[in-house]
Structures are given as C-alpha cells and as structure tokens.
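So the chains spell out like this:
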Amino acid sequence: MPQWHLQGEQTAPVMVLSGSWQARAGNIPVFPKDGLKKAPGAHLSFQTSNLQVWDTGLVAFLWDLKRVAHDAGISLDMQTLPGPMRQLLELLPEVPDEPVHHKTARTPFLETVGNHAIASMTEVGVVSELGALTAKGAVLTLLGRSRMRMIDLLANTADAGPYALLIVGIVNFLIGAILAFVGAVELQKFAAGIYVASLVGIAMVREMAAVMTAIIMAGRTGGAYAARISTMQGNEEIDALNVFGIPTSTYLILPAVLSLIITMPFLYLYGCLIGMLGGFVVAISMLDITAAGYFHQTVTAFGIGQFVFGFTKSLVFGAFIGLTSCRIGLKAGRSAADVGIAATRAVVVGIVGVIAIDAIFAVIADVLGI
C-alpha cells in the first residue's frame, strides 16, 4: 500500500514515501490541503529509500503536495527525489493555469441576416454552376465525348426508377383513396358524387402525383446520393478523382441527375394512374357509380395541358433533387457523423425545395391561366 508521513525536526521536515504507488491499483491517496500544518519550516525534503514501484500516480500525489507547499510558502528539495520522478514533477507548475474565457462578441442582427443572405445566394450560385457543368456534360454525352460511364447511369436509373415503383405506388394509391373519400363525404351532400372522379383526376395530375413522388424521391434517392458522395469524401475518393483530373460533375453528379430527370416523368405518370385507381376503388365502394361512368368523368375532367404541366414539374423536381443532394454530399465533412448529417440535410432541403418550387409553379399557372 502507498504510504506517506512527515518526520524530523520542526525546522527540517522530511516527507517519507514508502510502498507501491501505481495508479492502476486505484489506492493512491490524495494529499490534504492542511497536510503541511505540522511542517512550519521553509524547506521540505524527501526520503524514498523504502519506495517500491511507482508510476504517474505518485507524480499526481507529489503535484498535489507541490501546490499545497506553494500556498504554504514551503520550498521542496527536488534533489532528494529519484531523477525520473524529479524530471516529471518539474514539468508541472505549482498552480494550474486558469482557464481562459474568450468573450464572443455578439454579431448585430442586421449583419447576421446579411451574412445568411450572402451565404444563401452563394450556395444558389454554386448549385447553378454545378447544374451548368452537368448540362454541359449531358451535351458531351450525346456527342460521345463525355467521361460518364453508362454502367453508372444504368445503375442509378434502376435504383431511382424500377426499385422505387413500390413505395411510389403505395403512397399515390393512398393519396388518391383519401382524396376520393374526403370528396365523397362532401359531394354526396349535394348529390354530386360523380364529380369525385374529376376531383381525384385533377388533383393527381396537376399537383399530388408530381409533388408526392418528388417528396418520396427526395427522401429515398436524394438522401442516398448525399450519403454516398459524403462517404466518398470521407474516404478521399473525391480527392483521388481530382488528382487524376476526372471532373466530379461528369463522373459522379451527371449520372445521378440524369437518372432522376429520366425516371421522374415516368414515375409521375405511374403515380397519376395509381392515384386514380385508389380513387376509383373508394368511389366504387362508397358511391353509386359505375366503372364506365367514373372512367368517362375522369377523361373529360382535364385535358392534355394538365399532363404537360405536371410532366414539366416532375422534370424540374428531378433536376433539383439530384443537384442539391449531390452538392450537399460534396460539401460534407469527412467524419462518419457528417455522412448522417449530409443525408438528413439532403432530405430536408429536398422536401422544402419541392414544396417551394411547387408554389412557384402554382403562381406561374395562375398567371398563364393553366
């Protein structure tokens, strides 16, 4: 067991250390703050003849002693300690340094708003530049001069298209069924149950199919793109591509964006049909409507212009989700936690951006009278 005690004359006290002082044993004593009250002399030496094995546990004990001696005005005779112990102890100050508290200046409100505005506009410019490089890569691909691998495009297209049919179908079917159920409850009051077909058809073709499909793809595919590219960033694969002179906009981003641009219109049409099917199932089961009547009312409720409008929105949604997700992945950090942060941010930005773009399309449609 580690032991210590003071002995000697009042004018020349001696600290006697004995036993085994090892921190891993967990029995290192703490030197009390009043441990030198019985040593009023101005000089304290050590006796270590009975000292056995020791490590940093003894150094920590002696540091406590050193600080207490400094406060009591007693000097320590370090020459009576073993050489390695003395060298370690001399590296430690008598008094621990006080922590430095840095006062952070508060940024004025207008300056904060301005900084956020500038950062947002800068990010918009970066995404726009990335979109321009991607469009240039697409043109070069058509000319046969691009460095994009077709196998990457096919793999991304399969992931963003056929593999997403199940969740897109389930969500749009339920959306169409909900619209038909709510419409049937209200329209039955006016003996206009047949117009449930018009309600579901117009809502799915004009808004719900494109928006819900885009939200699904933002959460499913956009998050996956951001996580994949941020993982490559952490593994220094992006740096390797830059060293070899391979542009990331062509090699990584172009296949991802093109796959969404290609598949989103088809997923939109698929969502429209499945949503109308969901409305058909609910309308037939709740209302006195024949299948032929429901089909006729659906066909006459809207024209081809509504499909063109929704088709255009799906293209814009696909390009937006692809570009923003890849951009978020490229600017992510290099740790494992940054991968999750990038994926979460890509999903949030994708969903909010889709809703915002849909609002802009609604204003444009109102101006154009669509």
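As a reminder, the structure under discussion sits directly above these lines.
All figures in this text were calculated on a predicted structure; none of them were measured in a lab. (Residues numbered from 1 in each chain as written. Predicted model: local features only at pLDDT ≥ 70, side-chain atom pairs only at ≥ 80, totals over all residues. Heavy atoms only, no water.)

Quick word on the overall build of the protein chain
Turning to step 1, where the next piece is worked out: When its secondary structure is counted, the protein chain shows 11 helices and five strands.
Turning to step 2, where the next piece is worked out: Dimensions of the protein chain, computed from C-alpha atoms along their principal axes, come out at roughly 115 × 60 × 45 Å.
Turning to step 3, where the next piece is worked out: Within the span of the protein chain, comprising 370 residues, buried residues form 41% of the whole.
Turning to step 4, where the next piece is worked out: On the protein chain, roughly 20,100 Å² of surface is accessible, and the fraction owed to carbon and sulfur atoms is 66%. (Helix = DSSP H or I, 4+ residues; strand = E, 2+ residues; numbered from the N terminus. Buried < 20%, exposed > 50% of the residue type's maximum accessible area, 1.4 Å probe, protein only. Areas by Shrake-Rupley, 256 points an atom, 1.4 Å probe, with all protein chains shown as cover.)

Quick look at unusual backbone geometry
Turning to step 1, where the next piece is worked out: Positive phi values are uncommon outside glycine, yet glutamate 236 reaches one of about 65°.
Turning to step 2, where the next piece is worked out: By the secondary structure assignment, glutamate 236 is in the loop between helix H6 (196-234) and helix H7 (237-243).

Here's the deal with the nonpolar core
Turning to step 1, where the next piece is worked out: Core analysis: the largest hydrophobic core is formed by 54 residues, its most contacted members being Val196, Met217, Ile253, Phe317 and Ile321.
Turning to step 2, where the next piece is worked out: If you look at the next biggest cluster of nonpolar residues, it comprises 20 residues, including Phe46, Leu76, Met78 and Leu89. (Core = buried A, V, L, I, M, F, W, Y, C linked by side-chain atoms within 4.5 Å.)

A closer look at the pattern of salt bridges
Side-chain pairing between opposite charges can occur once the charged atoms of the two side chains come close.
Turning to step 1, where the next piece is worked out: Evaluation of the coordinates by the stated rule reveals eight salt bridges.
Turning to step 2, where the next piece is worked out: Here arginine 67 ties to aspartate 64 by a salt bridge, and the two come within 2.4 Å at their closest N and O atoms. Separated by three residues within a single helix, arginine 67 and aspartate 64 lie in helix H1 (residues 56-72), roughly one turn from each other.
Turning to step 3, where the next piece is worked out: Across the salt bridge formed by glutamate 123 and lysine 331, the nearest N and O atoms sit 3.6 Å from each other. With glutamate 123 in helix H3 (residues 109-142) and lysine 331 in the loop between helix H10 (304-330) and helix H11 (336-368), this residue pair connects regions lying 208 residues apart in the sequence.
Turning to step 4, where the next piece is worked out: Using a relative accessible area of 22% as the deciding quantity, one classes glutamate 123 as partly exposed.
Turning to step 5, where the next piece is worked out: Because the salt bridges share partners, they merge into one network encompassing Glu123, Arg327 and Lys331. (Salt bridge = Lys/Arg side-chain N within 4 Å of Asp/Glu carboxyl O.)

What to know about the packing of aromatic side chains
Turning to step 1, where the next piece is worked out: Per the counting criterion, the structure on display carries six aromatic pairs.
Turning to step 2, where the next piece is worked out: Taking 4.9 Å as the distance between ring centres and 45° as the angle between the ring planes, the aromatic pair formed by tryptophan 4 and phenylalanine 31 counts as tilted. A residue pair is termed long-range when its members are at least 10 positions apart, and tryptophan 4 in strand E1 (residues 3-8) and phenylalanine 31 in the loop between strand E2 (13-21) and strand E3 (43-47) qualify at 27 residues.
Turning to step 3, where the next piece is worked out: Looking at phenylalanine 31, the relative accessible area reads 4%, which means it is buried. (Phe/Tyr/Trp six-rings, centres within 6.5 Å; stacked < 30°, edge-to-face > 60°.)

Brief notes about the packing of helix H4 (residues 150-160) against H6
Turning to step 1, where the next piece is worked out: Contact pair H4 / H6: the axes reach a minimum separation of 11 Å and the direction vectors enclose 145°. From H4, Asn156, Asp159 and Ala160 reach across to H6, where they touch Met217, Arg220, Thr221, Tyr225 and Arg228.
Turning to step 2, where the next piece is worked out: Across the contact of H4 with H6, the residue classes tally to three nonpolar, two polar and three charged. (Axes fitted to C-alpha atoms, helices over the stretch in contact; angles between N-to-C directions. Contact = heavy atoms within 4.5 Å. Nonpolar A, V, L, I, M, F, W, Y, C, P; charged D, E, K, R; others polar.)

Observations concerning the environment of phenylalanine 181
Turning to step 1, where the next piece is worked out: In this fold, phenylalanine 181 is placed in helix H5 (residues 165-187).
Turning to step 2, where the next piece is worked out: Residues phenylalanine 181 and phenylalanine 317 lie 136 residues apart in sequence; the distance between their C-alpha atoms is 28 Å.
Turning to step 3, where the next piece is worked out: In this view, phenylalanine 181 contacts Val282 and Met286; residues no more than four positions away in its chain are not counted.

Some thoughts on the pairing of E2
Turning to step 1, where the next piece is worked out: Here E2 lies mainly inside the structure; eight of its nine residues are buried.
Turning to step 2, where the next piece is worked out: As judged from the three bridges shared by E2 and E3, these two strands associate in the parallel manner. The partner of valine 14 across the bridge, within E3, is serine 45.
Turning to step 3, where the next piece is worked out: One ladder, built from two bridges, connects E2 with strand E4 (residues 51-54); its direction is parallel. From the neighbouring strand, tryptophan 21 faces E4, where its bridge partner is tryptophan 54. (Pairing = 2+ DSSP bridges.)

Remarks on a nonpolar patch on the surface
Turning to step 1, where the next piece is worked out: A contiguous nonpolar patch, built from Leu166, Ile170, Leu174, Ile178, Phe181, Val182, Val185 and Met286 and spanning about 730 Å² of accessible area, is present on the exposed surface.
Turning to step 2, where the next piece is worked out: Among the elements that line the nonpolar patch, the one with the most residues is H5, at seven residues. (Patch = residues over 30% accessible without salt bridge, like charges linked within 9 Å, V, L, I, M, F, W, Y side chains within 5 Å.)

Observations regarding H3
Along an α-helix, residues three or four apart share an orientation, since each turn contains 3.6 residues.
Turning to step 1, where the next piece is worked out: Along its 34 residues, H3 runs 50 Å from first to last C-alpha, staying within 8% of the 50 Å computed at 1.5 Å per residue.
Turning to step 2, where the next piece is worked out: Just downstream of H3 lies glycine 144, where phi reads positive at about 75°. (Expected span 1.5 Å × (residues − 1).)

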